[in-house]
Amino acid sequence: MGGDHAPRAEVEGVVQALADLPATFLVQLVGRADVIEAELAKHPGVDRSRIEIVAASEVIGMAEKPLAAVRKKPDSSIAVGLGLQKAGTSDAFISAGNTGAVLAASTIILGLHEGVERASVAALFPTADDPVIVLDGGANVDCSARELVNFAYLGTVYVRDMFGRPDPVVGLLNVGEEDEKGTAVVKEAHQLLRQAAGINYRGNIEGRDILAGHEKHGAIDVVVCDGFTGNVVLKFYESVARLILRLVKRKAPDVLQRDDVQQVFQVLDYSQYGGAPLLGVRGVSIICHGASNGNAVKNAIRVAVQAVEAGLSRHIGAEFAQRQAALQA
């Protein structure tokens, strides 16, 4: 029930996803049953045996205070949907609704893995080569140095599981590469990351290194930063594709008819990448862009399936259990 185009975009995405997924995959649509049924009626060809409607009478609005809304609305689509996973009747949860509410409800209902201080949104940034993961992407505006180190571990496991990169390169987003650069928190995180076992940390990086790679270290796989910085960078990046498209339409509109050029813009289209996983919770919780269309929802379902099949949550739990054991030894 969340997002700018709910529930139309969610239903469209589910219909598209079911056409791609094997018949064993089922989807639960959580929310106001009458509204969902009306939207499903626009897709008479969909196999209704693969769709379950789960009633939830309440909706958390985008402007509501997350924690208060989760507590005041236990029958919200977010709370009910996550409750299904907690009860073992679903494997993953996806929402384009209030990000803070999804974070709060996921933390309360699913819980955090032992040793994880705060869950983090792993935002994917397309590049000319392999995508880069930036975390936190907006869930945690203020972060301690220890939490930034946590994000490095979460991102490392994510890139290993989802992209098959055995030793992901980690960089800390800063205003310069030197040890003395940055806020007190960032400087402390830099020193902690240099000593962190199991992290391929290459040091401070700057904003230009996210997409182009570092001059000395090469491509960066995991970029660590607080959620305020991460979300500003993410939203700025999203505007770049619109800027380029506007310039091309103005200066060379005929170019847009070429297949290779369309493929370039497809790489820059956020809807191709679905949602961002909330890492650190005991389960799979995927946060979608509020403006998600059907294609974005379809791809968010794909990301959720990959996370479940890769055992991402289980591997994060094992990574942090190992860290806890090492700290106590």
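Keep in mind that what you see is a predicted model, and the values were worked out from it rather than measured.

What counts, and where the lines are drawn
Residues numbered from 1 in each chain as written. Predicted model: local features only at pLDDT ≥ 70, side-chain atom pairs only at ≥ 80, totals over all residues. Heavy atoms only, no water. Core = buried A, V, L, I, M, F, W, Y, C linked by side-chain atoms within 4.5 Å. Buried < 20%, exposed > 50% of the residue type's maximum accessible area, 1.4 Å probe, protein only. Helix = DSSP H or I, 4+ residues; strand = E, 2+ residues; numbered from the N terminus. Contact = heavy atoms within 4.5 Å. Phe/Tyr/Trp six-rings, centres within 6.5 Å; stacked < 30°, edge-to-face > 60°. Lys NZ or Arg CZ within 6 Å of the ring centre and 35° of its normal. Patch = residues over 30% accessible without salt bridge, like charges linked within 9 Å, V, L, I, M, F, W, Y side chains within 5 Å. Areas by Shrake-Rupley, 256 points an atom, 1.4 Å probe, with all protein chains shown as cover. Salt bridge = Lys/Arg side-chain N within 4 Å of Asp/Glu carboxyl O. 1 Å grid on protein atoms, 1.4 Å probe; cavity = no way out; pocket = protein on both sides within 12 Å on 5 of 7 lines; lining within 4 Å. Points joined across faces, edges and corners; volume = space filled by probe spheres on them. Nonpolar A, V, L, I, M, F, W, Y, C, P; charged D, E, K, R; others polar.

(A) Structural detail: the nonpolar core. One finds Leu154, Leu172, Val224 and Leu279 to be the most contacted residues of the largest nonpolar core, which totals 38 residues. Of all elements in the fold, only strand E6 (132-135), helix H6 (145-163), strand E7 (169-173), helix H7 (184-195), strand E9 (222-224), helix H11 (294-310) and helix H12 (312-328) reach the threshold of two or more residues within this core. By residue number, the principal contributor to this core is H6, which donates 11 residues. Aside from chain neighbours lying at most four places away, what touches Leu172 is Leu148, Val186, Ala189, His190, Leu193, Tyr201, Gly203, Asn204, Ile205 and Val224.

(B) Broad picture of the packing of aromatic side chains. Scanning the model with the defined rule gives 3 aromatic pairs in all. Measuring from centroid to centroid gives 6.2 Å for Tyr153 and Phe320, while their planes differ by 65°, and the two rings are edge-to-face. Pair noted here: Tyr153 is in helix H6 and Phe320 is in helix H12, with a separation of 167 residues, a long-range link. Taking the relative accessible area as the measure of exposure, Tyr153 reaches 4% and is therefore buried. Residue class for Phe320 comes out buried when judged on its relative accessible area of 1%. Against the face of Phe163 rests Arg165, its NZ or CZ located 4.9 Å from the ring centre.

(C) A look at a nonpolar patch on the surface. A grouping of Val141, Phe228 and Val232 is seen on the molecular surface, where their side chains present a nonpolar patch of about 280 Å² in accessible area. Following the sequence through the fold, Val232 ends up in helix H9 (residues 227-251).

(D) View of the environment of Val240. Among the secondary structure elements, Val240 is positioned in helix H9. The class for Val240 is partly exposed, based on a relative accessible area of 28%.

(E) Representation of empty space enclosed by the protein in the model. For the structure shown, the criterion picks out 1 cavity of 30 Å³ or more. Elements with a minimum of two residues in the lining of the largest cavity: strand E10 (276-279), strand E11 (285-287) and H12. Partitioning the lining of the largest cavity into residue classes produces 9 nonpolar, 4 polar and no charged.

(F) Structural view of the pattern of salt bridges. Applying the stated criterion across every chain yields a total of 12 salt bridges. A salt bridge links Glu319 to Arg160; the nearest nitrogen and oxygen atoms lie 3.2 Å apart. Here Glu319, found in helix H12, pairs with Arg160, found in helix H6; they are 159 residues apart in sequence, far enough to count as distant.

Scope: geometric values only; no functional claims are made or implied.
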